[in-house]
Amino acid sequence: MPSTPFERENKRSLPDSRTIGNYLATLDTLSPRARLVTLGTSAGGRPIQALLLSASPSFLQDLVGEPDKPTVMMLGSQHGNEPSGAEALQRLARELAAGEHPELMHRLNLVLVVLANPDGRDLSSRHNANDDNTNIDYVALQAGETRLLVEALHRFDPDLVFDAHESGIWKRVLTRELGWMTDVEAQFDMGNNPNIDGALRHYTESKLLPALIARVSAAGLAARRYRGEITSLDQAVSRGGLGITNLRNYAAMQGRVSILVENRLDNKSGRYATPRNIAERVRKQHLSMLTMLQLVADEAGSLLAVSRRARQRWVSADGDGRTLWMGVSFGANREQPEITLPLVRFADGHKVLRRFRNRDAIVTRKPVSLAAAYAVTRERERMARWLTSHHIAFETVTEPRELMADRLEITAVRMQPEARPGVRGKMLAEVMVTRSAVTLQRGDLLVPMDQRLAPLAALMLDPRSANALYQEEGWNWLQPGAFPVFPVVED
Ligand SMILES: [Zn+2]
């Protein structure tokens, strides 16, 4: 197989999106085990593609997963200013198409979204050509890029989603004012929202993620669980965000194992063999990806069992199996109030371990039990389109119908503090719940909660949820009074 465009440039400069697309088309032409599929077009008119790699002709032809092989979807460079992911995925694709790592091709079906944000690559921007941060758009689905990636999740139905990012270690306060940088190479996180299927979340947290961190460390790359952005010396630390607005938690709420890597994005002023250490960064990201795939191939049996069961029937981690925590945030960890993190002094490279307050305990407000359905009585056509984009099934009421419901009355709306690491809810609605009979009118929507995506739908539809749709721009419905979307108790 020919070298990747990045390798042809001696790993010194980054190819544009068109060059990457041409390279993927070459792999499709040269390898019977590769197939290039177009998922759609970016805001700036650039194609977004997935390269499928598999030893199974049926997977490549029909795009349908197989009973005994995990389907793994990997995304590179969703943030355009984090280029290593796309380059590492091209290298991985070249190796697999050339017959390297044969055990992976026999045990896995791969969907590589090599360049998830082509606008960002060509415009040297974190966001797309519309300045949308697609990375936090998974509830609102405002950007075309997010919608087409959600379509891809449904089309390929991956058992595992791997999202590759890079984290800058140079920070304005921590580095420029205080003279320190964090000193980590690879950080991994997972779908960590407490509403994820209990067995799936437990398997990922207690088995897969520790094994991945151990293997990557053993391969020579210091790895650990993600600790969030470190921007000053006196801050508290938590984990990656709990919100389902990001791909990691959104995919996990659909019943998929979901892993994030944040590799080190070296600072601009260092001296490296290649510009901003790009060759080394791609090597680290490739090592993280390859190690993950080897682990998933070894774990195929248990991973398949837990992820496919979660997609058939969600069971909450606690309570009666239908328990949802609408409000979630991070709080102080009383069992482990402090942790130490490695820092390196910017001026001379001196390394220290520094103590930080540990706020990685997940705090939940009072839980609710998953209702029989949700009724939607406002902007019904727009809501119908939005539900359809999420593949959430609903019924349109054709004649007036009386149902027992939990009417939700918003009594107050409080703005939340600006900076709360890991949480995106901007407003907190205080809600009074009253059980009563209601009459739905013709054209109202009923979203049944006995469907696969029910818990995801409830967390987005219920105004009590920290991740409700109404927290998003353009959906400013949180105002005192009777709320137009509410749980139905029985039909
Ligand atoms: Zn990122």
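Residues numbered from 1 in each chain as written. Predicted model: local features only at pLDDT ≥ 70, side-chain atom pairs only at ≥ 80, totals over all residues. Heavy atoms only, no water.

### Overview of the sheet that holds strand E7 (residues 186-190)
Hydrogen bonds between backbone groups are what pair the strands of a sheet, and the pairing can be parallel or antiparallel. Ordered by their spatial adjacency, eight strands build an open sheet running E1-E2-E4-E3-E5-E10-E7-E8, and the pairing between neighbours is mixed. Because the sheet does not close on itself, it has two edges, and the strands there are strand E1 (34-41) and strand E8 (223-225). Across this sheet, the average inter-strand angle for adjacent strands is 25 degrees, counted without regard to direction. Sheet analysis places strand E5 (residues 160-168) next to strand E10 (residues 257-265), joined by nine bridges and oriented parallel. For Asp163, the partnering residue across the bridge sits in E10 and is Leu260. (Pairing = 2+ DSSP bridges. Helix = DSSP H or I, 4+ residues; strand = E, 2+ residues; numbered from the N terminus. Axes fitted to C-alpha atoms, helices over the stretch in contact; angles between N-to-C directions.)

### Regarding the domain arrangement of the protein
In terms of domain boundaries, the protein breaks down into domain 1 (5-312) and domain 2 (370-490). Domain 1 and domain 2 are separated by 32 Å when their C-alpha centres are compared. If you look at the interface, domain 1 gives 25 residues, while domain 2 gives 18 residues. Summed over both sides, the interface between domain 1 and domain 2 buries roughly 1800 Å², with carbon and sulfur atoms accounting for 59% of that surface. Remark: the boundary between domain 1 and domain 2 carries one salt bridge. Between Asp157 and Arg452 there is a salt bridge, with the nearest N and O atoms lying 3.7 Å from each other. Connecting domain 1 to domain 2 are seven residue pairs in polar contact (both at pLDDT 80 or more). At the level of secondary structure, the elements contributing two or more residues to the side of domain 1 that touches domain 2 comprise helix H7 (144-156), helix H10 (247-253) and helix H12 (300-312). The element best represented in the side of domain 1 that touches domain 2 is H7, accounting for four residues. (Domains from an automatic or database assignment. Contact = heavy atoms within 4.5 Å. Buried area = accessible area lost by both parts, 1.4 Å probe. Salt bridge = Lys/Arg side-chain N within 4 Å of Asp/Glu carboxyl O. Polar contact = N/O pair within 3.5 Å; in protein donor to acceptor, adjacent residues only side chain to side chain.)

### Side note on the environment of Gly144
Turning to its location among the elements, Gly144 is positioned in helix H7. Counting along the chain gives 301 residues from Gly144 to Leu445, while the straight-line C-alpha distance between them is 25 Å.

### Here's the deal with the coordination of the zinc ion
At 2.0 to 2.4 Å from the zinc ion lie its protein donor atoms, namely His79 (ND1), Glu82 (OE), Glu82 (OE) and His165 (ND1). Every donor counted, the four donor atoms about the zinc ion form angles of 56 to 148 degrees at the centre, which fits irregular coordination. Counting the intervening residues between successive donors of the zinc ion yields the motif H-x2-E-x82-H. Of the two residues, His79 sits in the loop between strand E3 (71-76) and helix H4 (84-97) while His165 sits in strand E5, which places them 86 residues apart along the sequence. What makes His79 buried here is its relative accessible area of 3%. Residue classification places His165 among the buried positions, given a relative accessible area of 2%. (Donors = N, O, S within 2.8 Å, 3.2 Å for Na, K, Ca; no water. Tetrahedral: all angles 85-135°; square planar, octahedral: opposite > 155°, others 65-115°. Buried < 20%, exposed > 50% of the residue type's maximum accessible area, 1.4 Å probe, protein only.)

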